[in-house]
Amino acid sequence: MENLDLIIAKNLLYLRKKSSLTQSEFGQKFNYSDKTVSKWELGTIVPNIETLKEIADFYGVTVDYLISEHESSEDFDSIQIRDTDKRNKAIIMALAVLAIFCIATTIYVWAYFRLKTIDVERNKYWNAFLFAVPISSLLLTFFSQKWFKKSSLPLIFSSLALWSTLLAFFILYIFENYYWFIFIIGVPIEAGFVLIYQLRHPKAVSKNKSNK
């Protein structure tokens, strides 16, 4: 049996090349330099157990896969399926957003022709586009929390949903007094989103600090 360090090195090299990633691109995903990745793939040094687990999750394999010898490339089929599954989920999310904006467009067009003689009433229907943004963001938050919860997407989309909702209400009441204060409400909510993200991703936060 080969030395364990060389087995891990061979598997890391194989998976990276199959994913069409350069050493620099792969290293950036885990906050390591291409020189460190090169040493991993030469068997000079071995990633620690936490990094091995993160790499295994990234490729959709187990840590056992990374430390075991493999006679064929059949095991990589699961990785290709995982990549395809990610792409399909992203397409579903995009289609969901497109559907929301199609509905908003339908509402506006209907109002334009149905109420064309009542300008004041007709002009109110452009709000359909205004609220399509936070609704889309909420939907994307739901999907990303379900499918990509290990990434920063849930935080990004939930923040977008929050601020676009506040902006929508602010625009609707732009001619009223003191409605600017709703943005102050968003500050502690946004802080809560960030704190929740840090609680769920402590390793990513600590790693970023250690690399500075």
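Above this text you will find the structure in question.
A brief structural summary. Note that the coordinates shown come from a computational prediction; the quantities given were computed from them, not determined experimentally.

It is worth spelling out helix α10 (residues 182–200) at this point. With 19 residues, α10 should reach 27 Å at 1.5 Å per residue; the first-to-last C-alpha distance of 28 Å fits that figure. When we look at burial in α10, the residues that qualify are I182, G186 and E190. Packing partners of the buried residues in α10 comprise α9 (153–172).

Okay, the packing of aromatic side chains next. This structure, assessed with the given rule, holds eleven aromatic pairs. The interplanar angle of 75° and the centroid separation of 5.6 Å between the aromatic rings of F131 and F169 together place this pair among those described as edge-to-face. Linking F131 in helix α8 (residues 127–147) with F169 in helix α9, this pair joins segments that are 38 residues apart in sequence. Take F131: its relative accessible area is 26%, and that puts it in the partly exposed class. You can call F169 partly exposed: its relative accessible area is 39%. Between F143 and W147, the aromatic rings sit 5.0 Å apart at their centres with planes inclined by 20°, giving stacked as the arrangement. Highlighted residues: F143 and W147, both in helix α8, separated by four residues, approximately one helical turn.

Quick notes on the rules
- Residues numbered from 1 in each chain as written.
- Predicted model: local features only at pLDDT ≥ 70, side-chain atom pairs only at ≥ 80, totals over all residues.
- Heavy atoms only, no water.
- Helix = DSSP H or I, 4+ residues; strand = E, 2+ residues; numbered from the N terminus.
- Expected span 1.5 Å × (residues − 1).
- Buried < 20%, exposed > 50% of the residue type's maximum accessible area, 1.4 Å probe, protein only.
- Contact = heavy atoms within 4.5 Å.
- Phe/Tyr/Trp six-rings, centres within 6.5 Å; stacked < 30°, edge-to-face > 60°.

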